[in-house]
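What follows is each chain in one-letter form.
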Amino acid sequence: MAEELQVEMQTTVCQAPEETLQAMAKDFELDISEQRKSTIVCMIFNHIDKELMDKNEEQRMLFLTEFRSRYFKSTEPKEKDVLESVPPVKQNAGQSQSTLQGMLESTSVFRRQFKIVGQIGQPNEKDKLSFTSLTRQIDTGVKQGYTEQEIVDGVIRAINGGMVLRTYVETYKDLSLERLRKILRNHYDVKSATELYQSLASICQGSKETPQEFLMRALDLRQKILFSSTQDQ
């Protein structure tokens, strides 16, 4: 059945408009600059063949069904047809539908690689990520279901190549996300919530600082205390 569906998808891809082919190439991370439509189609076919190479019949059906529903919604079969075309999944008593969903996600080429937006440089370096921004992106990755290793790899890729920090974490054996957080905290020389609170308690308005600027600086320091307290836990 998977082979028949693959042939059907190949025919549909050949007839697809250029906008759809460009969307596929973007998802597959294919370089199609200055390529003819026929060449783009062949590149997509080759990519699909590689994805299906090491999969069993069940996984191939899942991949092709997702591929069809993503790019050719108008040709998406009815629910009954999908259920009949996908081989039944044998489940033990303790298994649930989440197992099937997990398999679909793990075999999908559409799962985006975890990436940090921005670069990690020296502390207070202009146009580089702050510790707060970096931490929020890491927390977002955790909430989105990325694995610990995917997040660790994404953070390492965001570190400037010439920094000792990158060499250190790249050669660190079995680097966990928790350990990486501590390393980054030390790198940015982040103060503890207690130290920040002491700074807030003794804060004074500068001679050239307007009342509004002083207020914003105090509020910013207060926010850093709240944020740091969650990181210290």
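In what follows, the structure referred to is the one given above.
Predicted model only: the values in this text are computed from it and were never measured.

A. Seen up close, the overall build of the protein chain. For the protein chain, the count of helices and strands is 12 helices and zero strands. Shown N-terminal to C-terminal, the secondary structure of the protein chain runs as helices and strands in the order α-α-α-α-α-α-α-α-α-α-α-α. Long-range contacts, defined here as pairs at least 24 residues apart, represent 63% of the contacts in the protein chain between residues at least 6 apart. Carbon and sulfur atoms provide 49% of the accessible area of the protein chain, an area that totals close to 15600 Å².

B. Looking closely at the packing of helix α3 (residues 37-53) against helix α4 (residues 57-71). Contact geometry for α3 and α4: axes closest at 10 Å, N-to-C directions at 145°. Where α3 crosses over α4, the handedness of that crossing is right-handed. Residues I48, E51 and L52 of α3 form the contact with α4, whose participating residues are R60, F63, L64 and F67. Per-class residue counts for the contact of α3 with α4 are five nonpolar, no polar and two charged.

C. Spotlight on helix α7 (residues 131-143). For α7, spanning 13 residues, the distance from its first C-alpha to its last is 18 Å, which sits close to the expected 18 Å at 1.5 Å a residue. Looking only at α7, the buried set comprises F131, L134, T135, Q137, I138 and G141. Projected onto a plane normal to the axis of α7, the buried residues spread over an arc of 160° and lie on a single side. Once α7 ends, the next one or two residues include G145, with phi positive near 95°.

D. Spatial organisation of a nonpolar patch on the surface. A surface patch of nonpolar side chains, amounting to about 300 Å² of accessible area, comprises L215, M216 and L219. Here L215 lies in helix α12 (residues 211-232). Judged by relative accessible area, which is 49%, L215 ranks as partly exposed.

E. A look at the side chain of N160. If you trace the backbone, N160 turns up in the loop between α8 (148-158) and α9 (164-170). Those residues in contact with N160 that lie beyond four places of it in its chain are Q119, I120, G121, K128 and R166.

What counts, and at which threshold
- Residues numbered from 1 in each chain as written.
- Predicted model: local features only at pLDDT ≥ 70, side-chain atom pairs only at ≥ 80, totals over all residues.
- Heavy atoms only, no water.
- Helix = DSSP H or I, 4+ residues; strand = E, 2+ residues; numbered from the N terminus.
- Contact = heavy atoms within 4.5 Å.
- Areas by Shrake-Rupley, 256 points an atom, 1.4 Å probe, with all protein chains shown as cover.
- Axes fitted to C-alpha atoms, helices over the stretch in contact; angles between N-to-C directions.
- Left-handed = near helix turned anticlockwise from the far one by under 90°.
- Nonpolar A, V, L, I, M, F, W, Y, C, P; charged D, E, K, R; others polar.
- Expected span 1.5 Å × (residues − 1).
- Buried < 20%, exposed > 50% of the residue type's maximum accessible area, 1.4 Å probe, protein only.
- Arc of directions from axis to C-beta.
- Patch = residues over 30% accessible without salt bridge, like charges linked within 9 Å, V, L, I, M, F, W, Y side chains within 5 Å.
- Salt bridge = Lys/Arg side-chain N within 4 Å of Asp/Glu carboxyl O.

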